[in-house]
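Okay, here's what each chain looks like letter by letter:
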Amino acid sequence: MNPLDASPLRWVVLAAGIVMAAYAWQTRHPNTSSDFTILYNSALRPPAQMYQRPPGPPRGNLNPPHFQLLIVPLTWLPLPIAAAVWRTLNVLALAACVWWLARHSEEKWGAADIGALLAWSPMQSALGLNQVTWIMWPLLIWAWWCWRQDRWTAGAITYGLALSFKSFLGVFLVWLALRRQWRAIATAIATAVAALAVGVLVYGVDVFRAWLAGVAGVEWSYAVMNASLRGVLARTLTSSGTAGAPLALRPGLVTPVFVAGAAVILVVTFVRTRRASVDESWPALVAGALLASPLGWLYYIWWMLPGTRPSRVLFAAPLLWVPMVCAMWGQPSPWATLTIGSVFFWGLLVAWLGFVRNGVGRVGPVDTRQVVERDAYSPAIR
């Protein structure tokens, strides 16, 4: 049991979460700068122009062509109405996923868990930007639910669809291979290929190539919401201009240091999870994938949650609860860039270290008697 479950502090955490969620709603991005507008405008253009970078800040659509097919019906509506519909679908998906996790996780969630979710920075970013995290989350929740019941092929279908949208989820293919789940791997790859093929059939090969070129040409990995290893290296070793002053101008070091560090992170993650249960593996795999991805956006940290409780992550990695507005404190300053300016990297790194070192069941304070009883009557691997 989490000590917060029986403590009056759980109501303080819940109240703080409500306040922070209200603040996130009040400070959400307008349509002129939200992620949904990027998707909407991209879907409005002729296919040949779908992945052209718009004027202004270097933000373009990085979602594959078949994802854009989901946006096309919304372009029949004016942008404000379409954005409201998209946000409503996001919130409904979020509510469904949280309800499912709260009821079906190994440890039932309490008021402190809901408060922690409402208060953490991934809530601010996802709610503020009106993007794709919550819309996609049910695909991963279903995969987690099936896999923990040994329904590997059924879970691989929705996982494969999610993989077709976000390639960093490919870490699960390696994890499945380590567990010799070959049918699940084949199903996931076939599903991802089929989904990508739909986009090619509808829009053509040239549009698919334009998407690949857009992904390869990303130049904003320095953004403060990028919690990956490459993000902190780009902020501290290159002159980004918008993410604070660099610690040193050594752009040539970014890629080799990132590749070496990402390799270490992934190897450690696979070693620690190859024989662990699905619940114990999931948070470590997602955290490791985000750290090792060139773009480990803050809002995708939501996808760590199957297998752990938000209140446990709050104790283990409180830096993930630092408000986003704080990330630019102290600028221009190289040390501010490395510290508060990269707070989400440090928070994600600490969470990952907790997952791979102790396992999810021991992240944060626990009731020792419950751990002893569980270990005495349960197998090490479910």
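Shown above is the structure to which this text applies.
Residues numbered from 1 in each chain as written. Predicted model: local features only at pLDDT ≥ 70, side-chain atom pairs only at ≥ 80, totals over all residues. Heavy atoms only, no water.

(A) View of the packing of helix H7 (residues 133–147) against helix H8 (residues 152–165). Viewed as axis vectors pointing N to C, H7 and H8 meet at an angle of 150°, and their least axial separation amounts to 8 Å. Relative to H8, the element H7 is oriented roughly antiparallel. H8 is crossed by H7, and the crossing has left-handed handedness. Contacts from Met136, Leu139, Leu140, Trp142, Ala143, Cys146 and Trp147 of H7 reach H8 at Trp152, Ala154, Gly155, Ala156, Thr158, Tyr159, Leu161, Ala162 and Phe165. Grouping the constituent residues of the contact of H7 with H8 by class yields 14 nonpolar, two polar and no charged. (Axes fitted to C-alpha atoms, helices over the stretch in contact; angles between N-to-C directions. Helix = DSSP H or I, 4+ residues; strand = E, 2+ residues; numbered from the N terminus. Parallel < 35°, antiparallel > 145°, perpendicular 65-115°, else oblique. Left-handed = near helix turned anticlockwise from the far one by under 90°. Contact = heavy atoms within 4.5 Å. Nonpolar A, V, L, I, M, F, W, Y, C, P; charged D, E, K, R; others polar.)

(B) Representation of a nonpolar patch on the surface in the model. Where nonpolar side chains cluster on the molecular surface, the patch consists of Leu77, Ile81, Val85, Leu89 and Leu92 and spans about 400 Å² of accessible area. Mapping Leu89 onto the fold places it in helix H4 (residues 79–104). (Patch = residues over 30% accessible without salt bridge, like charges linked within 9 Å, V, L, I, M, F, W, Y side chains within 5 Å. Areas by Shrake-Rupley, 256 points an atom, 1.4 Å probe, with all protein chains shown as cover. Salt bridge = Lys/Arg side-chain N within 4 Å of Asp/Glu carboxyl O.)

(C) View of the packing of aromatic side chains. Inspection of the entire model under this criterion finds 27 aromatic pairs. Residues Phe67 and Phe165 carry aromatic rings whose centres are separated by 5.3 Å and whose planes lie at 85° to one another, so their mutual orientation is edge-to-face. With Phe67 in helix H3 (residues 65–71) and Phe165 in helix H8, the pair connects residues that are 98 residues apart, well separated along the chain. The buried category is assigned to Phe165, whose relative accessible area is 9%. (Phe/Tyr/Trp six-rings, centres within 6.5 Å; stacked < 30°, edge-to-face > 60°. Buried < 20%, exposed > 50% of the residue type's maximum accessible area, 1.4 Å probe, protein only.)

(D) View of the packing of H7 against helix H14 (residues 278–292). Running from N to C, H7 and H14 cross one another at 150°; their axes reach a closest spacing of 10 Å. Classed by the angle they form, the pair H7 and H14 counts as roughly antiparallel. Our pair here, H7 against H14, has a crossing hand that is right-handed. Together, Leu140, Ala143, Trp144 and Trp147 of H7 and Val278, Asp279 and Trp282 of H14 make up the contact between the two elements. In terms of residue class, the contact of H7 with H14 is built from six nonpolar, no polar and one charged.

(E) H8, seen in detail. Helix length check: H8 (14 residues) gives 20 Å between terminal C-alpha atoms against 20 Å at 1.5 Å per residue, within 8%. Burial within H8 is extensive, with ten of its 14 residues counted as buried. Of the positions making up H8, those classed as buried are Trp152, Gly155, Ala156, Thr158, Tyr159, Gly160, Ala162, Leu163, Ser164 and Phe165. Buried-residue contacts for H8 involve H3, H7, helix H9 (171–178), helix H10 (182–203) and H14. (Expected span 1.5 Å × (residues − 1).)

(F) Representation of the nonpolar core in the model. With 106 residues, the main nonpolar core has Trp137, Trp147, Phe172, Trp302 and Trp303 as its most contacted residues. Contacts of Trp302, omitting those with residues within four sequence positions, involve Leu94, Leu117, Trp120, Pro122, Met123, Ala126, Thr133, Trp134 and Trp137. Membership of the second largest hydrophobic core comes to six residues, among which are Tyr51, Tyr203, Val207 and Phe208. (Core = buried A, V, L, I, M, F, W, Y, C linked by side-chain atoms within 4.5 Å.)

(G) Quick peek at H7. The terminal C-alpha atoms of H7, which comprises 15 residues, lie 21 Å apart, in line with the 21 Å expected from a rise of 1.5 Å per residue. Among the 15 residues in H7, twelve count as buried, and that is most of the element. Among all positions of H7, only Thr133, Trp134, Met136, Trp137, Leu139, Leu140, Ile141, Ala143, Trp144, Trp145, Cys146 and Trp147 are buried. Summarising the contacts, the buried residues of H7 are in contact with H4, helix H6 (121–129), H8, H9 and H14.

(H) Structural context of the pattern of salt bridges. One pass over the full model with this rule turns up five salt bridges. Residue Glu107 pairs with Arg309 through a salt bridge whose shortest N-O separation is 4.0 Å. Pair noted here: Glu107 is in the loop between H4 and helix H5 (111–119) and Arg309 is in the loop between H14 and helix H15 (310–316), with a separation of 202 residues, a long-range link. Each member of the pair, Glu107 as well as Arg309, carries the same accessibility label: buried. Salt-bridge contacts for Arg148 lead to Asp279; the nearest nitrogen and oxygen are separated by 2.8 Å. Separated by 131 residues along the polypeptide, Arg148 in the loop between H7 and H8 and Asp279 in helix H14 bring together distant segments of the chain.

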